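# A look at the structure
Below, each chain spelled out in residue letters.
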Amino acid sequence: MFGVVGFKELWCCLNKDLDKAWRERLVKNHLDLIILRLLKSKPRWGYEVNLEIRDRFKVYLSAGTLYPLLHSMEEKGYLQAVWEAEGGRGRKVYRITPRGEEFLTAGARAAEEFLRRIQYEAEIGPFQQKHA
């Protein structure tokens, strides 16, 4: 049936699974900000964005996740896409717009405040102790 797994081995596997699950959750929930940050450093085509996210975060995105979001971000005015031909093949290259930069700045501020609040709660203790 199943082999016996020691507590240490089980804990290690659970931690790796939790780390992966949290990494995927954070990336997917903040994918728009991640994309904008990548495009702020340089224009990129969709496949290049996907590779960079995979390399930096070890999260694999399907085309069905990435490309609809890129299209939506373009419709909202956060990105501008331009068709460029390379070697006889065309592809869309995405650039961040001024509106996208504003959204990115606001998102970065909100993320910093969120993390600051989490850290504050960890330092002072649970909510109940603070308001008892």
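If you're wondering where the values come from, they're calculated on a predicted model, not measured in any experiment. (Residues numbered from 1 in each chain as written. Predicted model: local features only at pLDDT ≥ 70, side-chain atom pairs only at ≥ 80, totals over all residues. Heavy atoms only, no water.)

Attention now goes to the overall build of the chain. Along the chain, the regular secondary structure elements total six helices and three strands. Reading the chain from its N end, one meets helices and strands in the order α-α-β-α-α-β-β-α-α. Relative to its 132 residues, the chain shows a buried fraction of 23%. A fraction of 45% describes how many contacts in the chain between residues 6 or more apart in sequence connect residues 24 or more apart. About 9,900 Å² of surface is accessible on the chain, with carbon and sulfur atoms providing 58% of the total. (Helix = DSSP H or I, 4+ residues; strand = E, 2+ residues; numbered from the N terminus. Buried < 20%, exposed > 50% of the residue type's maximum accessible area, 1.4 Å probe, protein only. Contact = heavy atoms within 4.5 Å. Areas by Shrake-Rupley, 256 points an atom, 1.4 Å probe, with all protein chains shown as cover.)

Another point: the environment of Lys58. The topology assignment puts Lys58 in the loop between helix 3 (46-57) and helix 4 (63-75). Considered as a pair, Lys58 and Arg23 are 35 residues apart in the sequence and their alpha carbons are 8.1 Å apart. Once you skip the residues sitting within four places of it in the chain, Lys58 turns out to touch Arg23 and Ile53. Of note is the side chain of Lys58, whose polar atom sits 2.8 Å from the backbone oxygen of Asp55. (Polar contact = N/O pair within 3.5 Å; in protein donor to acceptor, adjacent residues only side chain to side chain.)

Here the focus is the packing of helix 2 (residues 31-41) against helix 3. At a minimum axis separation of 11 Å, helix 2 and helix 3 run at an interaxial angle of 105°. Taken together, the axes of helix 2 and helix 3 are roughly perpendicular relative to one another. Between helix 2 and helix 3, the residues in contact are Leu31, Ile34, Ile35, Leu38 and Leu39 and Val49, Glu52, Ile53, Arg56 and Phe57, respectively. Residues of the contact of helix 2 with helix 3, tallied by class, amount to eight nonpolar, no polar and two charged. (Axes fitted to C-alpha atoms, helices over the stretch in contact; angles between N-to-C directions. Parallel < 35°, antiparallel > 145°, perpendicular 65-115°, else oblique. Nonpolar A, V, L, I, M, F, W, Y, C, P; charged D, E, K, R; others polar.)

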